[in-house]
Amino acid sequence: MLDIKFIRENLQLVETNNKNKRIEVDLKKLVEFDDERKQLQAQIESLRSERKRVSKTKPSEAEIAEMRQKGDKISQLEEAFRNVENNFNEIIYKIPNIAHESTPVGPDESGNKVLRQIGERPKLDFTPKEHWQLGKDLDIIDNEKAANVTGARFTYLKGKLALLQFALLQHAFSIITDEKRIKKILKKAKLDLKSTPFIPIIPPVMIRPEVFQRMARLEPKEERYYIPSDDLYLIGSAEHTLGSLHIDETFNENDLPIRYAGYSTAFRREAGSYGKDMKGILRVHQFDKLEMESFSLPEDSVKEQDLFVAIQEELVQSLGLPYQVVQICTGDMGGPDARQIDIEIWMPGQNKYRETHTSDMMTDYQSRRLKTKVKRKNGKTEFVHMNDATAFAIGRTLIAIMENYQQKDGSIKIPKALQKYCGFKVIKNE
RNA sequence: GGAGAAGUGGCCGAGUGGUUGAAGGCGCCGCUCUCGAAAAGCGGUAGGCUCGCAAGGGUCUCGUGAGUUCGAAUCUCACCUUCUCCGCCA
């Protein structure tokens, strides 16, 4: 959520930003509701003030009668106030975050900007298979059985592929929980930030509607799984319960940044993507993911995202996978984002780059509603800035490994860095 | 799942219908004393919204929400959370 004061003082900027992000909002109405709200508030408060003053003493019969009337009037005005506030909220919740100055303006993914391409694509002297074919041939992915048991877009990861998931995790944790490694990455990226390591977390995978709303992630609701019996949603990313971990909290300046590495299952209904990527495990309703989340000082948040991207690159490079870094344009980025940067790994089987990592810098857009703040050394309180990024989306990273490391004989080599964790060097038909 | 108890400021804790946004203590900050520190003494110590150039004012907040009342931290209801006992359980 944006600050209404900021909106009022920067109407033109917000208007333009909405347009760039392709979201239609009636700002004039918003301002009108805000005016109305304030006016009602003033009326209510002056009536309350009177009532309070009288009620501090033992009032006479006449005064009681008068106050009874005033009380009715207050109730009336309060209801009007609630209505106006609901209307107001409905609009302000829709307004997306202001895009960072470096964000390219564009209508959709065609406006995204490739920042750099790193790594050599594998030279294969045979026609590479797609991951789902490899998975079937090697009997390590079984969507057909999953369809019987749970439905479309679910999967069984089997055998060595299942083990590889845990190897990936151990590998990633070994890097991002190590302060020395973080320091190195910061130095290489020429970033001046604290080298605070990430705290490993296994968060809840369900979340209350109210908290989901305050994370600005409840919408689009069609994308969320909901459990009516307990009024809970399943999270679509560890971000949802990591970012809300410090709801209604105020940090001291010295405590920041706080960095978490959260591992959880993510649940997505994939509404609106019917028929898209139906084969294999690229787009499924349930997948596991290691996610980075941080709370930082406002002036550090851009650098913090640079660190997140540097970590992502380090992780992808450590697996020897070719990738490109893409800066997402206004029309394609998430509503809460000020700056979004994706990493896409080259997939030989599909003969194209596919998104495996994303990084969202959200300034104080989430923290304002979460009321996660920092008390500065000068005594002032501000909202913290929040960053969120993928460390490894396991499924898609497995796809990247399968397709890039496939051999002519149909086997898959294991990246060197993972071998010590999984204990094998190849996946082949036994 | 059943029975019971409780949720007050950064922390502990008083307060059961009327100058209580809240006694007292701890902590924290400032000052005095001291060469300095400790101790002691004095003073100050929540946040949101809103009006105001400011000084300052108004209002809301005692887990959350709704209600009773002229008036609610105090009474009623629902929900959330915590604790105790019983049951069940990876």
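Refer to the preceding data block for the structure.
Now for a quick tour of the structure. Note that the structure is a prediction, hence the values are computed from the model and not measured.

This brings us to helix α11 (residues 301-318). Taking 1.5 Å of rise per residue, 18 residues should cover 26 Å, and α11 covers 25 Å from first to last C-alpha, within 8% of that figure. The buried fraction of α11 amounts to 13 of the 18 residues, a majority that puts the element mostly inside the structure. A positive backbone phi angle near 70° is found at Gly320, which sits one or two residues after α11.

Scanning all chains against the criterion turns up 29 salt bridges. Notably, a salt bridge pairs Glu144 with Lys136, separated by 3.3 Å at the nearest N-O pair. Close ionic contact of Asp300 with Lys303 constitutes a salt bridge, the shortest N to O distance being 3.7 Å. Residue class for Lys303 comes out partly exposed when judged on its relative accessible area of 27%. Among the charged side chains, a network of salt bridges with common partners joins Arg8, Asp34, Asp35, Arg37, Lys38 and Glu85.

Turning next to the sheet that holds strand β8 (residues 250-252). Across the sheet, 3 strands lie side by side as β8-β14-β15; this open sheet has mixed pairing. Two strands lie at the open edges of the sheet, namely β8 and β15 (381-383), each paired on one side alone. Taking each pair of neighbouring strands and ignoring which way they run, the sheet shows an average axis angle of 35°. Bridge count between strand β14 (residues 373-375) and β15: 3 bridges; the pairing is antiparallel.

Attention now goes to the packing of helix α8 (residues 179-188) against α11. Two numbers describe how α8 lies on α11: the axes approach to 10 Å, and their chain directions differ by 105°. In terms of axis orientation, α8 runs roughly perpendicular to α11. Each of Arg181, Ile182, Ile185, Leu186 and Lys188 in α8 lies in contact with α11, whose residues at this interface are Leu307, Ala310, Ile311, Glu314 and Gln317. Split into classes, the residues belonging to the contact of α8 with α11 amount to 6 nonpolar, 1 polar and 3 charged.

As a structural note, the neighbourhood of RNA strand B is formed by 17 residues, with Glu45, Lys56, Met67, Arg68 and Arg208 the closest of them. Each atom of RNA strand B within 4 Å of the protein was assigned to sugar, phosphate or base; sugar and phosphate come to 74%. Within the side chain of Arg51, one N or O atom sits 3.2 Å away from a phosphate oxygen of RNA strand B. In the environment of RNA strand B, a sugar or linking oxygen lies 2.8 Å from a nitrogen or oxygen atom belonging to the side chain of Arg208. The greatest single-element share of the surface near RNA strand B, amounting to 8 residues, is contributed by helix α3 (residues 27-55). Along the lines of polarity and charge, the residues of the surface near RNA strand B split into 3 nonpolar, 4 polar and 10 charged.

A word on the environment of Tyr323. If you trace the backbone, Tyr323 turns up in strand β11 (residues 323-327). Residue classification places Tyr323 among the buried residues on the basis of a relative accessible area of 0%. Distance in space between the C-alpha atoms of Tyr323 and Ile175 is 20 Å, their sequence separation being 148 residues. The contact partners of Tyr323, leaving out residues within four places of it in the chain, are Arg116, Gln117, Ile118, Glu313, Val316, Gln317, Ile343, Glu344, Ile345, Trp346 and Tyr353. Within the structure, Tyr323 has its side chain in polar contact with the side chain of Glu313 (distance 2.6 Å). Reaching out from Tyr323, the side chain makes a polar contact with the side chain of Gln317 at a distance of 2.7 Å.

Among the 11 residues that make up strand β10 (residues 286-296), 10 are buried, leaving the element largely enclosed by the rest of the structure. Judged from the 10 bridges that link them, strand β9 (residues 258-267) and β10 form a sheet pairing that is antiparallel. Along β10, the bridge assignment pairs Ile258 with Phe295.

Rules and cut-offs
- Residues numbered from 1 in each chain as written.
- Chains lettered and ligands numbered in written order.
- Predicted model: local features only at pLDDT ≥ 70, side-chain atom pairs only at ≥ 80, totals over all residues.
- Heavy atoms only, no water.
- Helix = DSSP H or I, 4+ residues; strand = E, 2+ residues; numbered from the N terminus.
- Expected span 1.5 Å × (residues − 1).
- Buried < 20%, exposed > 50% of the residue type's maximum accessible area, 1.4 Å probe, protein only.
- Salt bridge = Lys/Arg side-chain N within 4 Å of Asp/Glu carboxyl O.
- Pairing = 2+ DSSP bridges.
- Axes fitted to C-alpha atoms, helices over the stretch in contact; angles between N-to-C directions.
- Parallel < 35°, antiparallel > 145°, perpendicular 65-115°, else oblique.
- Contact = heavy atoms within 4.5 Å.
- Nonpolar A, V, L, I, M, F, W, Y, C, P; charged D, E, K, R; others polar.
- Near = heavy atom within 4 Å.
- Polar contact = N/O pair within 3.5 Å; in protein donor to acceptor, adjacent residues only side chain to side chain.

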